[in-house]
Amino acid sequence: LLKVKELAHRMENLLDMMRNSKLPDFRGAVDSLLPGLDMLRRMLSSVRDGGEEQIDETQYTQVFDKVQSVISKAADTGSKDRFASIIDKLKFIETALPESKRALAGEAIAELKRAIGAAVDSKPSALGGTVPKELSRLEVLLKNPSLKRANESFEDGVAALLGLLKNDSAGSGAEETVKEAMDSYDTFMSAMGFDPLLTEILLEKIEVLKNAALWVKSVSASKVAGSEAKEKPQDTGGAASHTQEKTMRVAEHSIDQFLSFVEELIVVEEMFNFVHKNLSARSNDIDLLRELRRTIETFGTLSNSLQHSILSIRKVPVKNLLQKAPRLVRDTAASAGKEADIIMIGDDVMVDKSYLDLLDAPLTHIVRNAVDHGIEPPDLRATLGKPRSGKVTVSVRELDSEIEVAFADDGRGLDFEKLTAKARELGIVKAGQTLSNTEVIDLLFLPGVSTAEKVTDISGRGVGMDVARRNIDSAGGRIVVESKKGEGSTFRLLLPRSVSTRIIDGFLIAAGGIVYVIPMEFISESFAATPSDLSSVAGGKASQVLRRNELLPVADLQNCLTGEGKAQLVGEALTLVSVDIKGAKFALAVDKIVGVQKVVVKPLDGSLVEKDLFEGAAMMGDG
């Protein structure tokens, strides 16, 4: 890992200069760090896959030299700014002296330059500081992890010693280095565990901390540290807090397998309910029936708790996904000649781990489109009375039964006329056909539909949004788009709480002797009607019903699915279910309503039913 180490150290030096405000060109530093970060990721990915540091030497040299150039420029600027004015003043004094004195003054200036150079280049000497014994203990432990006692874990020992070093370094020059070591520990432990690279980083920090001069504390700092110690005698530092809660690694497929058993428990619960129903019809033993009901309820409570517990194990912070959004906004804005800021809300929300991969493509396409298509150029925004810099907001929140990921911008909004014209050009919309705003928005998700003026690296090919919808639909989610001309657009991605299992609250209905399940989030209400409540449209070929001052098209479920049954809606009374799917509202005529229950949706692999007609199948309590 020589190249990784070399580049990472240079970038660490640059970041340290940024923290200490030693960089005159902050933007230039960021421009050099981002390609360096990309290079490190590629090299580490190659190594994790069991390979070598597979890199393009030319690209690596360019990235490395760019980082080093910023560091060198900042260092030169810093040393010149610090002493240049003093030397200039001395030279002015030299010229004002009599000629017989100038040689002596010149020698003094030369001697001062040498002293300044030595002061800048030399390391601080030992001034009476004492290196804590915990430092040598930590070094021995890192080099010989097997020396740790059997009843104490290696990671806990390192964390505890770092915590002790934090207390010892308070108020001294070593404090910042110890903090960097603790930050490295926290980062690695949360991301990949105690990696060998972490051991190497900590050992390098130890080499720096062996300088006794770093452990000298100022008088004021010592007093502050002493007062804090009196107030918190038991505080052993941040890293030691890791000993409070131990973790372990479990293969993801093992968790999924366990979750599949939990799904079966839900089916078993429905079997118990079916048995209870049949027993109630045949037995008059009230006490037995009551006891069975209590047992079923207890079983249901435990299976629900088990389900929520195992699902929580799969959850990770959505921050791991959203952290790429600022880079996307920055790069897209720079490429398009625009200015844009990003606001992220709810990055601490926990989501199913599988969503990090599922949402990656939609996030990339939608954020890029928000900047490239939505945000106007700075000069145009200024003429419109808007801030020159556009704003993109990414927010995540947990709803009752869904996770919402929203992307909003304050740009120009969707151009409905241009979208319709592009669809007509592609033959998707017929000439003279009028579309509602909802229908025009749906055009965004068709392959080939793009309103970009020209093809660039990031837009104009008409691909992207169709991929985003396909990913969301595959997980049982949906995309809702809101847009207002001149004010911006919002894309809301609504997903079930878990994509790894489809345990849903289902609304059970029957038609033609077959039970169907509709997800509860699509159901508005159910109500009874008579044929006289219906009105005919399209020459008697269709019907609609007035409900809450809204005309709803009526569809007969059995006729829609099988082509059989009631061609016309006739009878004394009709059972209607009001359904709202992606903004399309209608009333579904069914034979009867069975009830509401949790169901486990299983895929219909290899079935002969029409594609997308059914999401899956579910096992009922009667088998």
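See above for the structure.
Given the structure is predicted, the values throughout are model-derived calculations rather than measurements.

**Student:** Account for the overall build of the protein, naming residues and giving values.
**Tutor:** Counting its regular elements, the protein contains 20 helices and 16 strands. Taking all 623 residues of the protein together, the buried fraction comes to 36%. Residue pairs at least 24 apart in sequence account for 68% of intrachain contacts in the protein once pairs closer than 6 positions are excluded. Summing over all exposed atoms, the protein offers an accessible surface of approximately 36,300 Å²; the carbon and sulfur share of this is 53%.

**Student:** Describe the side chain of Thr332, naming the residues involved and giving the relevant values.
**Tutor:** Here Thr332 shows up in helix 13 (residues 325-336). Residue Thr332 is classed as buried on the basis of its relative accessible area, which comes to 2%. Side-chain polar atoms of Thr332 contact the backbone oxygen of Leu328, separated by 2.7 Å.

**Student:** Quick rundown of the sheet that holds strand 2 (residues 340-345)? Include the residues and the values.
**Tutor:** Across a sheet, strands are paired by hydrogen bonds formed along the backbone, either parallel or antiparallel in direction. Read across the open sheet, the five strands follow the order 2-4-5-7-6; overall the sheet is mixed. The open sheet is flanked by strand 2 and strand 6 (478-484), the only strands paired with a single partner. Across the sheet, the mean angle separating the axes of adjacent strands is 10° when strand polarity is ignored. By the bridge criterion, eight bridges tie strand 5 (residues 402-409) to strand 7 (residues 488-496) in an arrangement that is antiparallel. Bridging from a neighbouring strand, Phe407 pairs with Phe491 of strand 7.

**Student:** Describe the sheet that holds strand 16 (residues 592-600), with residues and values.
**Tutor:** The strand order 9-8-16 describes an open sheet built from three strands, whose pairing is antiparallel. If you trace the sheet from one side to the other, it starts and ends with strand 9 (514-519) and strand 16, each paired once. In this sheet, adjacent strand axes meet at a mean angle of 35° when their direction is disregarded. Contacts between helix 10 (residues 252-282) and the sheet are confined to strand 8 (503-511) and strand 16, with strand 16 contributing the most and set at about 150° to the helix.

**Student:** With reference to specific residues and values, describe the pattern of salt bridges.
**Tutor:** Side chains carrying opposite charge are able to pair once their charged atoms draw close together. Applying the stated criterion across every chain yields a total of 32 salt bridges. Among the salt bridges present, the one from Lys143 reaches Glu139, with a minimum N-O distance of 3.1 Å. On the criterion of helical spacing, the pair formed by Lys143 and Glu139 is a turn pair, its members being four residues apart in helix 5 (residues 133-143). Where Arg478 meets Glu402, a salt bridge forms, and the shortest distance between an N and an O atom there is 3.3 Å. With a gap of 76 residues between them, Arg478 in strand 6 and Glu402 in strand 5 connect regions that are remote in the sequence. For Glu402, a relative accessible area of 10% gives the class buried.

**Student:** Requested: an account of helix 13, with residues and values cited.
**Tutor:** The terminal C-alpha atoms of helix 13 lie 16 Å apart, and with 12 residues this matches the ideal 16 Å at 1.5 Å per residue to within 8%. For helix 13, every residue scored as buried is listed here: Ala325, Leu328, Val329, Thr332 and Ala333. The arc enclosing the buried residues of helix 13, seen along the axis, measures out at 120°, which places them on a common side. In helix 13, the exposed residues that point more than 90 degrees away from the buried face are Ala334 and Ser335. Turning to helix 13, the residues buried within the fold contact helix 12 (319-322), strand 2 and helix 15 (360-374). Note on helix 13: the residue one or two positions beyond its end, Gly337, has a positive phi of about 70°.

**Student:** Before we move on, can you summarise the nonpolar core with the specific residues and values?
**Tutor:** With 44 residues, the main nonpolar core has Leu359, Phe407, Phe445, Phe491 and Leu493 as its most contacted residues. When residues in this core are grouped by element, the largest group, five residues, is from helix 15. What Phe445 contacts, discounting residues up to four positions off in sequence, is Met465, Asp466, Arg469, Ile479, Val481 and Phe491. In this structure, Val158, Leu165, Leu197 and Leu202 belong to the second largest nonpolar core, which totals 24 residues.

**Student:** Please provide a residue-by-residue account of the packing of aromatic side chains, values included.
**Tutor:** Counted by the stated rule, this structure contains four aromatic pairs. Consider the rings of Tyr185 and Phe194, whose centres lie 6.2 Å apart with planes at 70°: the pair is edge-to-face. Note on accessibility: Tyr185 and Phe194 belong to one class, buried. Judged by centre distance (6.3 Å) and plane angle (5°), the rings of Tyr516 and Phe614 are stacked. Highlighted residues: Tyr516 in strand 9 and Phe614 in the segment after strand 16, separated in sequence by 98 residues. A cation over a ring is seen here: Arg469 above Phe445, with NZ or CZ 4.1 Å from the ring centre.

**Student:** Help me get a handle on empty space enclosed by the protein, residues and values and all.
**Tutor:** The gaps of empty space that remain are located by a probe, the size of a water molecule, rolled over the atoms. Within this structure, the stated rule accounts for one cavity of 30 Å³ or more. Looking at the largest cavity, its volume works out to about 40 Å³. As for the largest cavity, its lining consists of Leu135, Leu138, Leu162, Leu165, Val178, Ala181, Leu202, Lys205, Ile206 and Leu209. For the lining of the largest cavity, the secondary structure elements donating two or more residues are helix 5, helix 6 (154-169), helix 7 (175-191) and helix 8 (196-209). No other element matches the four residues that helix 8 contributes to the lining of the largest cavity. The residue makeup of the lining of the largest cavity, split by class, is nine nonpolar, no polar and one charged.

Calculation notes
Residues numbered from 1 in each chain as written. Predicted model: local features only at pLDDT ≥ 70, side-chain atom pairs only at ≥ 80, totals over all residues. Heavy atoms only, no water. Helix = DSSP H or I, 4+ residues; strand = E, 2+ residues; numbered from the N terminus. Buried < 20%, exposed > 50% of the residue type's maximum accessible area, 1.4 Å probe, protein only. Contact = heavy atoms within 4.5 Å. Areas by Shrake-Rupley, 256 points an atom, 1.4 Å probe, with all protein chains shown as cover. Polar contact = N/O pair within 3.5 Å; in protein donor to acceptor, adjacent residues only side chain to side chain. Pairing = 2+ DSSP bridges. Axes fitted to C-alpha atoms, helices over the stretch in contact; angles between N-to-C directions. Salt bridge = Lys/Arg side-chain N within 4 Å of Asp/Glu carboxyl O. Expected span 1.5 Å × (residues − 1). Arc of directions from axis to C-beta. Core = buried A, V, L, I, M, F, W, Y, C linked by side-chain atoms within 4.5 Å. Phe/Tyr/Trp six-rings, centres within 6.5 Å; stacked < 30°, edge-to-face > 60°. Lys NZ or Arg CZ within 6 Å of the ring centre and 35° of its normal. 1 Å grid on protein atoms, 1.4 Å probe; cavity = no way out; pocket = protein on both sides within 12 Å on 5 of 7 lines; lining within 4 Å. Points joined across faces, edges and corners; volume = space filled by probe spheres on them. Nonpolar A, V, L, I, M, F, W, Y, C, P; charged D, E, K, R; others polar.

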